[in-house]
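Letter by letter, the chains look like this.
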Amino acid sequence: MGISFASEICDLKNGNGYYYAEKESGQVLLDAIEQITPCDLKIFLFGFSGGAHFVSQFVQWKPDKVKSWCAYAAGWWSGIPKGIQIPLGIIACGDIDNRLDACFTHFVDLRSKGMPVLWVKLKNTSHVLSERLESFVRIYFKTILQDKFDPVFIELENYTNLGFDSNLENNGNNVYLPNHMLLEKWKYLMESD
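For clarity, every value in this text was computed on a predicted model and none was experimentally measured.

Basis of the calculations
- Residues numbered from 1 in each chain as written.
- Predicted model: local features only at pLDDT ≥ 70, side-chain atom pairs only at ≥ 80, totals over all residues.
- Heavy atoms only, no water.
- Salt bridge = Lys/Arg side-chain N within 4 Å of Asp/Glu carboxyl O.
- Buried < 20%, exposed > 50% of the residue type's maximum accessible area, 1.4 Å probe, protein only.
- pLDDT = per-residue confidence, 0-100.
- Helix = DSSP H or I, 4+ residues; strand = E, 2+ residues; numbered from the N terminus.
- Phe/Tyr/Trp six-rings, centres within 6.5 Å; stacked < 30°, edge-to-face > 60°.
- Core = buried A, V, L, I, M, F, W, Y, C linked by side-chain atoms within 4.5 Å.
- Contact = heavy atoms within 4.5 Å.
- Expected span 1.5 Å × (residues − 1).
- Arc of directions from axis to C-beta.
- Polar contact = N/O pair within 3.5 Å; in protein donor to acceptor, adjacent residues only side chain to side chain.

Topic: the pattern of salt bridges
No. 1: This model, assessed by the stated rule, comprises five salt bridges.
No. 2: Across the pair Asp109 and Lys113 runs a salt bridge, and its minimum N-O distance is 3.2 Å.
No. 3: By relative accessible area, which is 26% here, Asp109 ends up partly exposed.
No. 4: When its relative accessible area of 40% is taken as the criterion, Lys113 is described as partly exposed.

See the structure below:
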């Protein structure tokens, strides 16, 4: 299902706009899903720019409702409240998008807290939607949907497979892949343009 929200700029800045899923927009999404199916399904979320803000806020607000997520190119991030464990997710940004530093800093913060997050930096990409990223996210989500877990930590700088060692869990210098079979696809996504 595709959703679209709109808010006044002043509300996006003062904490009352759709970015803030806990205010109303998140419940709007949950109510729409409930109308389609009364089953208590976990959802997959993908958001770009303002949608990435919504996704990140929703994941923090209702982590138990989310199976996995991707937040692509948010301009700023709020810290994870203490005691919240977020589900598997992806933070992505283009390397020539002025949101890159904020996105990477948030990724490092989440990984240093042991959150199972993958980083994607798209080469030669500004603040635009990316078919390459969307294709990878579909494969990533499918892996999780089918419970094909064989997790590994990958060293971010040189893509070395570090295996799955709990000593590596709280480390902002590595990424979490839910299945080692995604490694080559992720490397290709990171290296191609």
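Structure shown, so let's carry the discussion forward.
Here we look at the confidence of the model for the protein chain
No. 1: Residue-level pLDDT values for the protein chain average 86, and 88% of them are 70 or greater.
No. 2: Taken element by element, the protein chain is modelled with least confidence in helix α1 (residues 9-14), mean pLDDT 60, and with most confidence in strand β3 (residues 89-94), mean pLDDT 97.

Focus on the packing of aromatic side chains
How two aromatic rings sit relative to each other is given by the distance of their centres and the angle of their planes.
No. 1: Per the counting criterion, the structure on display carries 13 aromatic pairs.
No. 2: Aromatic side chains Phe58 and Trp61 sit 5.5 Å apart centroid to centroid with 80 degrees between the ring planes, which places their arrangement in the edge-to-face category. In this pair, Phe58 and Trp61 are both assigned in helix α3 (residues 50-61), three residues apart and thus about one turn of the helix distant.
No. 3: Its relative accessible area of 0% is what places Phe58 among the buried residues.
No. 4: Owing to a relative accessible area of 25%, Trp61 belongs among the partly exposed residues under this scheme.

Description of the nonpolar core
No. 1: By size, the foremost hydrophobic cluster in this structure holds 55 residues, and its most contacted members are Trp69, Trp119, Val120 and Trp186.
No. 2: Counting residues per element, this core draws most heavily on helix α5 (residues 131-145), at six residues.
No. 3: Contacts of Val120, omitting those with residues within four sequence positions, involve Ile90, Ile91, Ala92, Cys93, Leu133, Trp186, Leu189 and Met190.

Quick word on α5
No. 1: Its 15 residues give α5 an end-to-end C-alpha distance of 21 Å, which sits within 8% of 21 Å, the value for a rise of 1.5 Å per residue.
No. 2: Every buried residue of α5 is accounted for by Leu133, Phe136, Val137, Tyr140, Phe141, Thr143 and Ile144. When α5 is viewed along its axis, its buried side chains cluster within an angular range of 155 degrees and face the same direction. Away from its buried face, by an angle of more than 90 degrees, α5 presents the exposed residues Glu131, Arg138 and Leu145.
No. 3: Here the buried face of α5 lies against β1 (43-48), β2 (66-72), β3, β4 (117-122) and α6 (183-191).
No. 4: Here α5 starts with a cap whose side-chain oxygen sits 3.4 Å from the backbone nitrogen of Arg132, and that cap is Ser130.
No. 5: Where α5 terminates, the next one or two residues include Asp147, which has phi positive at roughly 55 degrees.

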